[in-house]
Amino acid sequence: MSTNLSRVFVARLLGLDVFDPLGDRLGRLRDVVVLSRGSRGAPHVVGIVVEVPGKKRVFVPMTRITSIDQTQIICTGLVNLRRFEQRGAETLVVAEMFDRRVTLRDGSGDATIEDIAMDQHRSRDWFVSKLFVRRGHSLSPLSRLRRNETMIIDWADALQGARTEPQAATQFVANHEDLKPADFADALQEMSDKRRFEVASELQDERLADVLQELPEDDQVEILSALDLQRAADVLEEMDPDDAADLLGELPSAQAEQLLQLMEPEGAEDVRRLLEYDEDTAGGLMTPVPVILPPEATVAEALAHVRREELSPALASSIFIARPPLETPTGRFLGVVHIQQLLRFPPFEPLGNLVDKNLEPLSDQAHISEVARTLATYNLNSLPVVNDDGRLVGAVTVDDVLDHMLPDDWRAYDGEAPIRKLGGRIG
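Position labels on residues start from 1 in each chain and follow its written sequence. Local features in this predicted model are restricted to residues whose pLDDT is 70 or higher, and side-chain atom pairs enter the listing and the counts only when it is 80 or higher, whereas totals over whole chains, interfaces and linings include all residues. In computing side-chain values, all of the structure's heavy atoms are included and hydrogens and water are not.

Peer 1: Just give me the short version of the sheet that holds strand β15 (residues 292-293), but keep the residues and values in it.
Peer 2: Paired strands, as defined in this entry, are two strands with at least two bridges between them according to DSSP. Working definition: helices are DSSP H or I runs of at least four residues, strands are E runs of at least two. Numbering for both runs from the N terminus. In spatial order, the strands read β15-β16-β17; together these three strands make up an open sheet with mixed pairing. Two strands close off the open sheet at either side, each with one partner strand: β15 and β17 (333-338). Of the pairings in the sheet, the one linking β15 to strand β16 (residues 318-322) comprises two bridges and is parallel in character. Bridging across to β16, Ile-292 finds its partner in Phe-320.

If you want it as structure tokens, here you go:
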């Protein structure tokens, strides 16, 4: 008689809310952690990875899960809010097992894992039980007819390849397409170097650029260096120029120059100009592509520009008014129009009538301490930056300053790792 009490498929759990016994939301499920038992049987499911408020991922042991179905997960007991760190013998189901190639023991060829089922036994322990796979190539002519067929098989019916084998990342990328770049970057940091490079290779250039900007500099360098030169140059073109310049500044000069040569000339020119500045100056912090319009442009035109999805909230808060040319370095800089002003005037009002002439621009050589003081003094999200000729060369935003002033490893910093109802990781 079967000892199985319940079965759930991992892909259907991704993104589900996790609640504590009082009904308060703890976070969202992002992965499942299993422990290999080798020849003794299917892997033991030891816990789940939950993304809690603050975008931190923590470990919740299966012994603390009281209810799990296709709509929600409820845990009880003690939950440690320390950042999850994978142990050597553990495997992340979504990050490392999805897309893994297996050999079918019936001799019909290879298959790729697309989902995994786990069962809870009468002992209340959870184990991997089934694999949802898609057939790959086969030596058998009959099996070739069934290529791309999906099926559910027992764990024991598949021969697992070595963890060092190359592995696709199609399923992982598809299952995480809803994640914001910062959250995707967090998921990457939990992976082995091998898996991180495989996932990065699967991303589209624009998506990879957004994710790279959220990673620590060392990880950025490792991933970019693992790409072929042309792909790396394409990704750099998709990054914000100031982030691309920061990343190139971490590379050996010969490698950085190679990448600049492969980039489109216009994008490379913006990055080269930023690389000329000291990193502690306004010029070293700024972006050379803020929203710039002539004084004749209208409120309606300005609102259309700041609606662009790719603009950060800080950059969208101000429109910089200058004489042509409107690409940096511009013609004579005239001033700034704040987004609140746009909302108080009719659509056809010229921006030249709304310019804040009391806000003095920063010199591109201004030290970061002056930049920070000015932003704080006037409660601003961004500041214009001009060169010695009074031409606008860019804008510094408050997030640029914070990123520069925080420790290099701030993205991985946990602070005091508060404990919810006190406890620790077990298993």
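Moving on, there is more to tell.
Peer 1: Break down the pattern of salt bridges for me, citing the residues and quoting the values.
Peer 2: Salt bridges are counted wherever a side-chain nitrogen of Lys or Arg sits within 4 Å of a carboxyl oxygen of Asp or Glu. Tallied over the entire structure, the rule returns 21 salt bridges. For Asp-17, the salt bridge identified is with Arg-25, shortest N-O distance 2.8 Å. Of the charged contacts, one joins Glu-222 and Arg-196 as a salt bridge, the two residues approaching to 3.9 Å between their closest N and O atoms. With a gap of 26 residues between them, Glu-222 in helix α8 (residues 217-226) and Arg-196 in helix α6 (residues 193-202) connect regions that are remote in the sequence. By relative accessible area, Glu-222 is classed as partly exposed at 35%. Remark: exposure states derive from per-residue accessible area (1.4 Å probe, protein chains only) relative to the maximum for the residue type, with buried under 20%, exposed over 50%, and partly exposed in between. Taking the relative accessible area as the measure of exposure, Arg-196 reaches 7% and is therefore buried. The network of salt bridges with common partners includes Asp-99, Lys-194, Arg-195 and Glu-198.

Peer 1: Could you give me a rundown of the packing of aromatic side chains, with the residues and numbers involved?
Peer 2: A pair of Phe, Tyr and Trp rings is counted when the ring centres sit within 6.5 Å of each other, with Trp represented by its six-membered ring. The angle between the planes then sorts it: under 30 degrees is stacked, over 60 is edge-to-face, the rest tilted. One pass over the full model with this rule turns up two aromatic pairs. Pairing Phe-59 with Phe-84 gives two aromatic rings, centres 6.2 Å apart and planes at 15 degrees, and the pair type is stacked. Of this pair, Phe-59 sits in strand β5 (residues 56-61) while Phe-84 sits in the loop between β8 (79-80) and β9 (90-92); the two residues are 25 residues apart in sequence, bridging distant segments of the chain. Summarising the aromatic geometry, the rings of Phe-172 and Phe-184 are spaced 5.8 Å apart at their centres and angled 80 degrees between planes, so their arrangement reads as edge-to-face.

Peer 1: Can you break down the packing of helix α7 (residues 205-212) against helix α9 (residues 229-238) residue by residue, with the values?
Peer 2: Axes, fitted as lines to C-alpha atoms, cover a helix only where it is in contact. Angles between the N-to-C directions of the axes lie from 0 to 180 degrees. Running from N to C, α7 and α9 point in directions that differ by 70 degrees, and their axes come no closer than 8 Å. Regarding the angle of α7 to α9, the classification is roughly perpendicular. α9 is crossed by α7, and the crossing has right-handed handedness. Facing α7, whose interface residues are Asp-205, Glu-206, Leu-208, Ala-209 and Leu-212, α9 presents Arg-231, Asp-234, Val-235 and Glu-238. Roughly parallel here means an angle under 35 degrees, roughly antiparallel means over 145, roughly perpendicular means 65 to 115, and every remaining angle is called oblique. Crossing handedness: left-handed means the near helix sits turned counterclockwise from the far one by under a right angle, and right-handed means the same turn made clockwise. Whether two residues are in contact is decided by their heavy atoms: any pair within 4.5 Å suffices.

Peer 1: Lay out the sheet that holds strand β20 (residues 392-397) in plain terms, naming residues and giving numbers.
Peer 2: An order of β18-β19-β20 is seen for the three strands of this open sheet, with the pairing classed as mixed. Looking at the sheet topology across the chains shown, the edges are occupied by β18 (362-363) and β20. The sheet contacts of helix α17 (residues 368-377) involve β18, β19 (382-386) and β20, and relative to β19 the element is tilted by about 135 degrees.

Peer 1: I'd like a rundown of unusual backbone geometry, residues and numbers included.
Peer 2: With omega at 5 degrees, the peptide bond leading from Pro-324 into Pro-325 counts as cis. As for its position among the elements, Pro-325 is in the loop between β16 and β17. Even without glycine at this site, Asp-99 takes up a positive phi of about 75 degrees. Relative to the assigned elements, Asp-99 resides in the loop between α2 (93-97) and β10 (101-104).

Peer 1: Mind laying out the confidence of the model for the chain, listing which residues take part and the relevant values?
Peer 2: The predictor's confidence in any single residue is recorded as pLDDT, a number from 0 to 100. Per-residue confidence for the chain averages 88 on the pLDDT scale, and 91% of its residues sit at or above 70. Model confidence for the chain, summarised as mean pLDDT per element, is weakest for strand β21 (residues 419-420) at 44 and strongest for β15 at 98. Residue range residues 416-427 is modelled with pLDDT below 50. Its contacts to residues more than four positions away, or to other chains, number 33 contacts.

Peer 1: Go over a negative patch on the surface with me, naming the residues and quoting the values.
Peer 2: A surface patch of like charges, here negative, comprises Glu-206, Glu-237, Glu-238, Glu-264, Glu-266, Glu-269, Glu-309 and Glu-327. Of all elements in the fold, only α9 and α12 (265-275) reach the threshold of two or more residues within the negative patch. Along the chain, the position of Glu-206 falls in helix α7. Candidates for patches are residues over 30% relative accessible area with no salt bridge; among them, like charges are joined within 9 Å and nonpolar side chains (Val, Leu, Ile, Met, Phe, Trp, Tyr) within 5 Å. To measure how exposed things are, a 1.4 Å probe is used in the Shrake-Rupley method; for residues, cover is taken only from the protein chains shown. Within this scheme the basic residues Lys and Arg register as positive and the acidic residues Asp and Glu register as negative, but His and the chain ends are omitted. For charged residues, the charge sits on one atom: NZ in Lys, CZ in Arg, CG in Asp, CD in Glu.

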